[in-house]
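Chain by chain, the residues run as shown.
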Amino acid sequence: MIVLKDIRYVRIGTSDMDNAVRFATRILGLEVESQDRRATYLRSDARDHTLVYLDAPAEDHTIGFDLVSLKELETAAAELENAGFPVHAGTTAECEQRRVKAFVSFREPSGTTIDLVAQPWHSGRAHAPSRMAGITGFSHVGLYTNAPARDQEFWTAVLSARVSDWIGEAPLLRIDEVHHKIALFPANRHGVQHINHQVESIDDIMRSYYFLREQGVRIRFGPGRHPTSGAMFLYFEGPDGMTYEYSTGVRLIKEESDYAPRQFPFRSSSFCMWGSTPDIPEFKT
Ligand SMILES: [Fe+2]
């Protein structure tokens, strides 16, 4: 079994780098760590970076997960090959671009590229936000799946994720004590469906709600509260049509043995217990 420690980064292509960086800094509130000809690295917490915009097609999405050691990475690569998922071992230049000691990449069953990384760079300093959005760190991603039951089996059996809850066919998966770090939403495509950053409190959610509206950013869902994770949330649209989320107050599942996943029906109230209705295709019922 491969044990994922945390999500390390999301790398996404953009058709307009300047616009994407403007959004990340002036709207979202991230810090530019560095920029080169092809990429902008953005920070949201104490790590070197958690989000990268690439000068690449907007549908190019990669999620990086860190493993605890180089040894585990070696074992994971062999396990993936055995399970029928060919891996590519990162070259020195590719490792440098990802700021990791080593990584392997492969495609999960729906087709999204996953990097497993070992010894990613740490920064040694706190995040200096470009806007006081209250971000405490990058937290989770929604992914598209074209076969939710098959992909749930892959994520749980091969990558050791656990189901926390389902909304309709969509499993919300945890890899640590946070209620979910990955959620799989049925669609006829693959890649990242939304990108989540945690904020300090409900005050940050509400402040951003008014700020984003004033800035003309399209609000896609919320403010609201998920009945599954208990988190209060706000979803809004970023560059290239990507959905971004701020949330706070997510449930922690500390005792694995005390917890059983719950089935929520596929309806609006399973996404928001306050009555907000989503303007996000995969959440629309
Ligand atoms: Fe989310």
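Quick caveat, the model's predicted, so the values are computed rather than measured.

Caption draft 1: Spotlight on the overall build of the protein chain. What the protein chain contains, in helices and strands, is six helices and 17 strands. For 285 residues, the compact-globule estimate of 2.2 N^0.38 gives 19 Å, and the C-alpha radius of gyration of the protein chain, at 18 Å, lies within 12% of that figure. Across its three principal directions, the C-alpha atoms of the protein chain cover 45 × 45 × 35 Å. For the protein chain, the residues scored as buried account for 57% of the 285 residues in total. Expressed as a percentage of contacts within the protein chain between residues at least 6 apart in sequence, the contacts between residues at least 24 apart total 67%. Working note: accessible area of the protein chain is about 12000 Å², and carbon and sulfur atoms make up 49% of it. A distance of 3 Å separates the average location of the 31 positive side-chain charges in the protein chain from that of its 38 negative side-chain charges.

Caption draft 2: Representation of the side chain of H61. Along the polypeptide, H61 turns up in strand β5 (residues 61-66). Look past the residues within four positions of H61 in its chain and what remains in contact with it is R11, I12, T112, T113, G191, V192 and M242.

Caption draft 3: The arrangement of the layout of surface pockets in detail. Looking at the largest pocket, its volume works out to about 250 Å³. Put simply, the parts of the chain that give the lining of the largest pocket at least two residues each are β5 and α3 (92-98). Here the lining of the largest pocket is built from residues that sort into two nonpolar, eight polar and six charged. Taken as a whole, the second largest pocket encloses approximately 220 Å³ of empty space. Around the second largest pocket sit 18 residues that line it, and Y144, R189, D240, G241 and M242 are the ones nearest its centre.

Caption draft 4: How the structure looks around the pairing of β5. In terms of burial, β5 is largely enclosed, as six of its six residues are buried. A two-sided burial pattern is seen for β5, the buried positions comprising H61, I63 and F65 on one face and T62, G64 and D66 on the other. Of the strand pairs in this sheet, strand β1 (residues 6-14) and β5 are connected by six bridges, and their pairing is antiparallel. Note that in β5 the partner of Y9 across the bridge is G64.

Caption draft 5: Expanded view of the coordination of the iron ion. The protein atoms donating to the iron ion are H140 (NE2), H194 (NE2) and E245 (OE), with metal-donor distances spanning 2.0 to 2.2 Å. For the iron ion, the single-chain donor residues occur in sequence as H-x53-H-x50-E. You can see H140 sitting in strand β9 (residues 135-145) and its partner H194 sitting in strand β13 (residues 192-199), a full 54 residues away along the chain. In this structure H194 comes out as buried when scored by relative accessible area, which is 2%.

Caption draft 6: Inspection of empty space enclosed by the protein at higher detail. According to the stated counting rule, one finds one cavity of 30 Å³ or more in the structure shown. Of the voids in this model, the largest cavity is the one considered here, and its volume is about 90 Å³. What lines the largest cavity is H140, I167, L172, H180, A183, F185, H194, H226, T228, Y235, F271 and F283. Tallied by class, the residues present in the lining of the largest cavity amount to seven nonpolar, five polar and no charged.

Caption draft 7: Region of interest: the sheet that holds strand β15 (residues 232-237). If you trace the nine strands from one edge of the open sheet to the other, you get β14-β15-β16-β13-β9-β12-β11-β10-β17, paired in mixed fashion. Each having just a single partner strand, β14 (219-225) and β17 (262-264) make up the two edges of the open sheet. The sheet shows a mean angle of 20 degrees between the axes of neighbouring strands, taken without regard to direction. Relative to strand β16 (residues 243-248), β15 is paired through six bridges, and the arrangement is antiparallel. From the neighbouring strand, M232 faces β16, where its bridge partner is T248.

Caption draft 8: Main features of unusual backbone geometry. Between G222 and P223 the backbone carries a cis peptide bond, its omega angle lying at 5 degrees. Inspection of the secondary structure assignment puts P223 in strand β14. Residues other than glycine seldom take positive phi values, yet R99 does so here, at roughly 55 degrees. Summarising the element assignment, R99 is placed in the loop between α3 and β7 (100-107). A positive phi angle is found at S160, which is not glycine, with a value near 65 degrees. For S160, the location among the structural elements is in the loop between α4 (148-157) and β10 (162-167).

Here is what the cut-offs are and how they apply
All residue numbers refer to position in the chain's written sequence, counted from 1. Whole-chain, interface and lining totals are the exception, using all residues; otherwise, since this is a predicted model, local features are given only for residues with pLDDT of at least 70 and side-chain atom pairs are given and counted only at 80 or more. Water and hydrogen atoms were dropped before computing side-chain values, which therefore reflect all heavy atoms in the structure. Strands are runs of DSSP state E lasting at least two residues, helices are runs of H or I lasting at least four, and both sets are numbered from the N terminus onward. Put simply, the radius of gyration uses C-alpha atoms, and a globule should come to 2.2 Å times the residue count raised to 0.38. When accessible area is computed with a 1.4 Å probe and restricted to protein chains, residues below 20% of their type maximum are described as buried, those above 50% as exposed, and intermediate ones as partly exposed. Contact definition: two residues touch when any of their heavy atoms are within 4.5 Å. The protein chains shown are the only cover counted for residues, whose accessible areas, like all others here, come from Shrake-Rupley with a 1.4 Å probe. Only four residue types enter the tally: Lys and Arg on the positive side, Asp and Glu on the negative side, with His and both chain ends excluded. A single reference atom marks each charge: NZ on Lys, CZ on Arg, CG on Asp, CD on Glu. Here a cavity is any set of points on a 1 Å grid over the protein atoms alone where a 1.4 Å probe fits but cannot get out, and a pocket is any open set with protein on both sides within 12 Å along at least 5 of 7 lines; a residue lines the site when it has an atom within 4 Å of a point. Grid points are joined across faces, edges and corners, and a volume is the space filled by probe spheres set on the points. Polarity classes work like this: nonpolar for Ala, Val, Leu, Ile, Met, Phe, Trp, Tyr, Cys and Pro, charged for Asp, Glu, Lys and Arg, and polar for all others, with Gly in that last group. Two strands pair under a simple rule: DSSP has to find at least two bridges between them. The rule for donors is simple: N, O or S, within 2.8 Å of the metal, or within 3.2 Å if the metal is Na, K or Ca. Water isn't counted, so a site may look like it is missing partners. Helix axes are fitted only over the stretch in contact, all axes being lines through C-alpha atoms; the angle between N-to-C directions runs from 0 to 180 degrees.

Any link to function would need more than the numbers given here.
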